[in-house]
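# Residue-level structural notes
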Amino acid sequence: GGGETLSRVMEYAPELYAAALFMSSQWDGDPAPLVATKTPLYIFTAEHDSYYGSEPARRAWQSIHDLYIESGLTEDEITELLVLDVCPDNWFDDFAAAHPDIVGSAYAMDYHGAGMMAAYNEDVMKWVFEHTK
């Protein structure tokens, strides 16, 4: 899985990245190095991800948030570095209905595969690009 691999990369070399987008997955790596380097992380998942559900993403956010608190960061500072975006099913359904040419039949009803739609979410991509300057 790409997200699980990303969590390992962030464990071993977060300093190589300006920011990371973690989608539809679970966090398997140690988040402490990510926190130590303050590498911005956007966590994006569907409420009813058909593979993981949204709980692994919520747990990842909470563990990273807690480490930031322990390191002395304020909530405002953490908000700049860490985002949890759990999209309701209707966001994916509406996007799929409006963009059948992009989504394709393979992702139409699969909220895990729908995570790839993050690339078409203007708010997500704006955050990523603002944090990679």
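Computed from a predicted model, the values in this text were never measured in an experiment.

## Section: the overall build of the chain
- Counting its secondary structure elements, the chain contains seven helices and three strands.
- For the chain, the sequential pattern of α-helices and β-strands runs α-β-α-β-α-α-β-α-α-α.
- Here the chain has a C-alpha radius of gyration of 15 Å; the compact-globule value for 133 residues is 14 Å, and the two agree.
- Within the chain, the fraction of its 133 residues that count as buried is 45%.

## Regarding the packing of aromatic side chains
- Scanning the entire structure with this criterion turns up six aromatic pairs.
- Arranged with centres 5.6 Å apart and planes meeting at 15 degrees, the rings of W91 and F95 form a pair that is stacked. In this pair, W91 and F95 both sit in helix α5 (residues 89-98), four residues apart, roughly one turn of the helix.
- The class of F95 is buried, set by a relative accessible area of 9%.
- Measuring from centroid to centroid gives 5.8 Å for F95 and Y120, while their planes differ by 40 degrees, and the two rings are tilted. Here F95, found in helix α5, pairs with Y120, found in the loop between α6 (100-103) and α7 (122-130); they are 25 residues apart in sequence, far enough to count as distant.

## What to know about the sheet that holds strand β1 (residues 20-23)
- Ordered by their spatial adjacency, three strands build an open sheet running β1-β2-β3, and the pairing between neighbours is parallel. Two strands bound the open sheet, and with one partner strand each, they are β1 and β3 (82-87). Looking at each pair of strands side by side, their axes are set apart by 15 degrees on average, direction ignored.
- Pairing of β1 with strand β2 (residues 41-46) involves four bridges; the strand directions are parallel. The residue of β2 that forms the bridge with M23 is F44.
- On top of the sheet, helix α3 (residues 55-70) reaches β2 and β3; it is set at about 160 degrees to β3, its chief contact.
- Lying on the sheet, α5 is in contact with β2 and β3; it crosses β2 at an angle near 80 degrees.

Rules and cut-offs
- Residues numbered from 1 in each chain as written.
- Predicted model: local features only at pLDDT ≥ 70, side-chain atom pairs only at ≥ 80, totals over all residues.
- Heavy atoms only, no water.
- Helix = DSSP H or I, 4+ residues; strand = E, 2+ residues; numbered from the N terminus.
- Rg over C-alpha atoms; globule rule 2.2 N^0.38 Å.
- Buried < 20%, exposed > 50% of the residue type's maximum accessible area, 1.4 Å probe, protein only.
- Phe/Tyr/Trp six-rings, centres within 6.5 Å; stacked < 30°, edge-to-face > 60°.
- Pairing = 2+ DSSP bridges.
- Axes fitted to C-alpha atoms, helices over the stretch in contact; angles between N-to-C directions.
- Contact = heavy atoms within 4.5 Å.

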